[in-house]
Every structure is written in structure tokens, then in C-alpha cells.
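# Report on the structure
Residues per chain are reported as follows:
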Amino acid sequence: MSIQGIIAPESYERLRTTLAKTFPDTTQITDAMVDSAVEAMWRDYRPEYAEMGVPPPPPAGPEAFGEAWVDATKSGFPIYVAHATHHRTLKKGSVTPMQSRFMGNLPVVRVTLPPKLTGARDHVISTPLGEVYLAGDHLVGSIELIASKYAGKAHLGYTPERVDLITPARLNGMRFGAIAMYLGYRHMHDPEPSFYLLEAGTAMGEAKVLYFGKTIDATIVQPSWYDPTPFSSPSNTYRGHIRVDGVDPVHLSVQAFEPGHTSPYIEVNVDYERVTALSVPWPLDLVLGATQRVALIGQTMGVPSGIPLEGLWAMAGSRLRWIQAPTMGAGSSPR
């Protein structure tokens with residue numbers, strides 16, 4: 001099915017611009033990404049989408065595709081659901097209080113990195129959640145690459161013998177790549193990791209920045225260095241730490257601060273749940289929800305997001321489930 005043959009060219013390009021404005025650090029919004037966004041809109045069609053130029057789904061179209069059910073006990077890979085609570089407390093560029101809180105659930109899979117990437121077979125690991133592209137979707141997809149950055153005395157002072165990557169996979173060509181975690185082991189059979197890396201990226205799947213924790217209980221404090229949404233900045237300060245329970249990750253906490261501020265404008269807390277079975281969402285469904293939330297948060301703050309037809313996206317965002325719907329002020333009623 002040619003989606004470009006169904007949607008008017010100006011509506012198709014406006015959707016491309018919407019994705020680019022929502023996730024400004026994405027290098028390129030391809031036709032495949034736009035097509036997948038349309039399919040996501042068809043799977044959960046709303047009246048606002050017609051006003052954006054996206055017609056109702058055609059009979060037996062992509063909206064008929066459901067989520068895939070995965071039996072993790074037979075996968076050979078540990079699988080987790082990352083329950084991420086996003087809590088914004090300050091208007092962008094000010095100390096004006098506001099409240100916005102929601103939870104998103106992201107399936108992630110755990111794979112062990114190869115010693116080095118020597119050929120195409122080393123670059124891709126097939127898992128029940130999709131494909132893990134060690135070279136294309138990750139900045140340090142092998143122990144050799146990690147050692148080249150962090151084995152020196154200024155960082156670890158040793159080359160790890162094992163590193164596990166916990167990451168969203170690429171499904172049908174798409175990946176919701178906001179965060180991945182590396183757990184590093186000094187010795188191959190150590191019962192617990194000795195250091196960690198956080199890899200921040202875009203909702204469209206690109207890895208952008210590595211944050212290094214020298215020990216497993218270290219708190220990372222460094223510049224953000226990238227711009228995941230219209231309400232962030234590379235000059236903001238990023239603070240994060242993790243907690244593990246033996247083998248498994250348990251919790252990740254991230255705070256972001258604007259220059260000169262002592263209070264974070266946003267805090268993200270992620271609880272990792274190891275699961276035996278789960279229903280795997282389409283990555284662009286997660287992207288679509290993020291677009292709607294960004295639009296509603298921007299509209300509430302009175303800070304333009306640059307998203308075309310922001311009001312319609314915000315209207316769709318108001319229909320999503322929130323712990324606290326975006327509201328200006330120090331507090332609001334959860335719903």
C-alpha cells in the first residue's frame with residue numbers, strides 16, 4: 001500500500017515536519033518513518049487526525065495489525081518492561097512551577113556484546129522484541145569500542161571482560177530509542193556489574209550521547225549534549241544513577257537542570273520489571289503518543305513547540321492517560 005497515494009502531499013510533508021520539530025536531534029525523518037506514523041494514527045484513529053489531513057484507515061489496512069505477543073521464557077534473552085514516569089515541574093526557561101506527570105512502558109531486551117565487530121553477523125542480534133543493531137543503533141556495540149573510550153586510567157583503568165546491553169529493539173525497521181543501558185563486568189563471571197553506561201537517544205531510534213558511571217553506584221553529572229525535545233537544550237545538566245539487584249537492573253533515575261537552576265525541571269524514574277510474557281507495542285505508536293504529549297505540555301506552558309497544528313496534537317494528547325495532566329502552578333489534581 002502506498003501511503004503517499006492516500007494522503008495529500010502537503011499533509012504528508014506536514015507530518016514529516018511535525019516529527020522533525022518534536023524530536024529535533026533526529027538526523028533525518030525518512031519516508032518510512034512518516035509512513036509508520038500514519039499507520040500508528042490509523043491503529044488508533046481520532047477525529048483530530050482528519051483535520052490534519054490523514055483520512056480514516058482503508059479497509060483491511062495497517063490498522064488491522066495488532067501487537068505481537070512474546071513468550072519471554074523461550075526467548076533465550078532476558079526481557080524487561082521499563083516503566084518510566086516523567087514528571088515536569090518547571091516551565092521552560094523560568095522558575096515558574098507547572099505540573100505534568102505520566103507513565104510510559106517500554107519493552108527492552110538484554111544482549112551480551114561481542115568482543116569486537118568484525119563482520120555483518122556481529123552487527124545484528126535477533127530477539128523476540130526485534131533486531132538489536134549493535135553498529136547502527138548504538139555508539140559502543142562491542143567490548144573493543146567500550147575499551148577504546150573507557151579502559152584508560154582516566155576512566156576504568158581496565159578492559160572489561162563482559163558488557164551487557166539493555167535496549168529497545170528495532171521492530172519492522174523502527175525503534176523507540178530514548179534510553180539504553182550498558183552493564184559492565186570487570187571479569188567474565190562476576191556476579192554483579194562493576195560500572196555502567198547510559199546511552200541517550202531520540203524517540204526515532206538514533207543513539208546520541210553516552211553517560212559514563214565509573215562504578216555501579218556512581219551518580220553521573222554532566223552536560224546533556226543533545227536536544228531530544230523542543231523543551232530541552234544541549235547546555236542543560238544531566239544527573240543520573242541506577243540501582244541493580246544482583247543480575248537485574250531495578251531502577252534508573254534521571255534529572256535535568258537548566259543553566260543556573262538548582263531545581264530540576266524534569267525528573268524521569270524508570271522501574272525495570274523482568275517479565276515472562278508481554279505484548280510488544282509498535283515503536284511508532286510510542287512516538288505518536290510522545291508527539292501528542294509534547295504538544296499538550298508546550299501548549300500548557302505557553303511555550304511554542306514549533307509543531308505544525310500544535311492545537312490538534314495537543315487535543316489528541318489530552319485524551320491520553322496522565323497521572324497529572326499538564327497544568328500551570330505548583331500542584332494539580334491527578335487523573
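Scroll up to find the structure.
These notes cover the structure that comes with them. (Residues numbered from 1 in each chain as written. Predicted model: local features only at pLDDT ≥ 70, side-chain atom pairs only at ≥ 80, totals over all residues. Heavy atoms only, no water.)

## Details of the overall build of the protein chain
Applicable threshold: Numbering of helices and strands runs from the N terminus, with a helix taken as a DSSP run of H or I at least four residues long and a strand as a DSSP run of E at least two residues long. Radius of gyration here is computed from C-alpha atoms only, and the compact-globule reference equals 2.2 Å multiplied by the residue count raised to the power 0.38. Per-residue accessibility, obtained with a 1.4 Å probe over protein chains only, is compared with the maximum for each type, and a residue is labelled buried under 20%, exposed over 50%, and partly exposed between these values. By the convention used here, residues are in contact when the closest approach between their heavy atoms is within 4.5 Å. Shrake-Rupley sampling with a 1.4 Å probe provides the accessible areas, and residues are treated as covered by the protein chains on show and by no other component. Under the convention used here, Asp and Glu are negative, Lys and Arg are positive, and both His and the chain ends fall outside the count. A single reference atom marks each charge: NZ on Lys, CZ on Arg, CG on Asp, CD on Glu.
Helix and strand counts for the protein chain come out as 7 helices and 15 strands. Relative to the compact-globule value of 20 Å for 335 residues, the protein chain shows a C-alpha radius of gyration of 20 Å, a close match. Across its three principal axes, the protein chain shows a C-alpha extent of roughly 55 × 50 × 35 Å. Out of the 335 residues in the protein chain, the part that is buried amounts to 52%. Considering only contacts in the protein chain between residues 6 or more positions apart, those separated by 24 or more positions represent 58%. Counting only carbon and sulfur atoms, one obtains 55% of the accessible surface of the protein chain, whose full area is about 14,600 Å². Between the mean site of the 28 positive side-chain charges and the mean site of the 32 negative ones, the protein chain shows a separation of 5 Å.

## Some points on the pattern of salt bridges
To be explicit about the condition: When a carboxyl oxygen of Asp or Glu lies within 4 Å of a side-chain nitrogen of Lys or Arg, that pair is called a salt bridge.
Considering all chains together, one arrives at 10 salt bridges under this definition. Put simply, Asp44 and Arg46 hold a salt bridge, and the shortest N to O gap is 3.1 Å. Classification of Asp44 as partly exposed rests on a relative accessible area of 41%. The class for Arg46 is buried, based on a relative accessible area of 12%. Among the charged side chains, a salt-bridge network with shared partners connects Glu13, Arg16 and Asp31.

## What about the packing of aromatic side chains?
Rules: Only rings of Phe, Tyr and Trp enter the pairing, Trp through its six-membered ring, and a pair is recorded when the two centres are within 6.5 Å. The plane angle decides the type: under 30 degrees is stacked, over 60 is edge-to-face, the rest tilted. Counting as a charge over the ring demands two things of the Lys NZ or Arg CZ atom: a distance within 6 Å of the ring centre and an angle within 35 degrees of the ring normal.
Under the defined criterion, the tally for this structure stands at 6 aromatic pairs. Between Tyr150 and Phe212 the ring centres are 4.7 Å apart and the planes differ by 5°, which places this aromatic pair in the stacked class. Of this pair, Tyr150 sits in helix α5 (residues 143-150) while Phe212 sits in strand β9 (residues 207-213); the two residues are 62 residues apart in sequence, bridging distant segments of the chain. With respect to burial, Tyr150 and Phe212 carry one shared label: buried. Relative to Tyr238, the ring of Tyr211 lies with its centre 3.8 Å away and its plane at 15°, an arrangement referred to as stacked. In this pair, Tyr211 is assigned in strand β9 and Tyr238 in strand β11 (residues 237-245), connecting sequence segments 27 residues apart. A residue is classified by how much of its surface remains accessible, and Tyr211, at 0% relative accessible area, is buried. Classification of Tyr238 by relative accessible area gives buried; the value is 8%. By way of ring pairs, the aromatic residues Tyr45, Tyr49 and Trp313 are connected into one cluster. Above the plane of the ring of Tyr185 lies Arg162, whose end atom (NZ or CZ) is 4.0 Å from the centre.

## Looking at helix α6 (residues 283-301)
Here is the rule we go by: One less than the residue count of a helix, multiplied by 1.5 Å, gives the span that helix is expected to have.
The terminal C-alpha atoms of α6, which comprises 19 residues, lie 27 Å apart, in line with the 27 Å expected from a rise of 1.5 Å per residue. Within α6, 15 of the 19 residues are buried, leaving the element largely enclosed by the surrounding structure.

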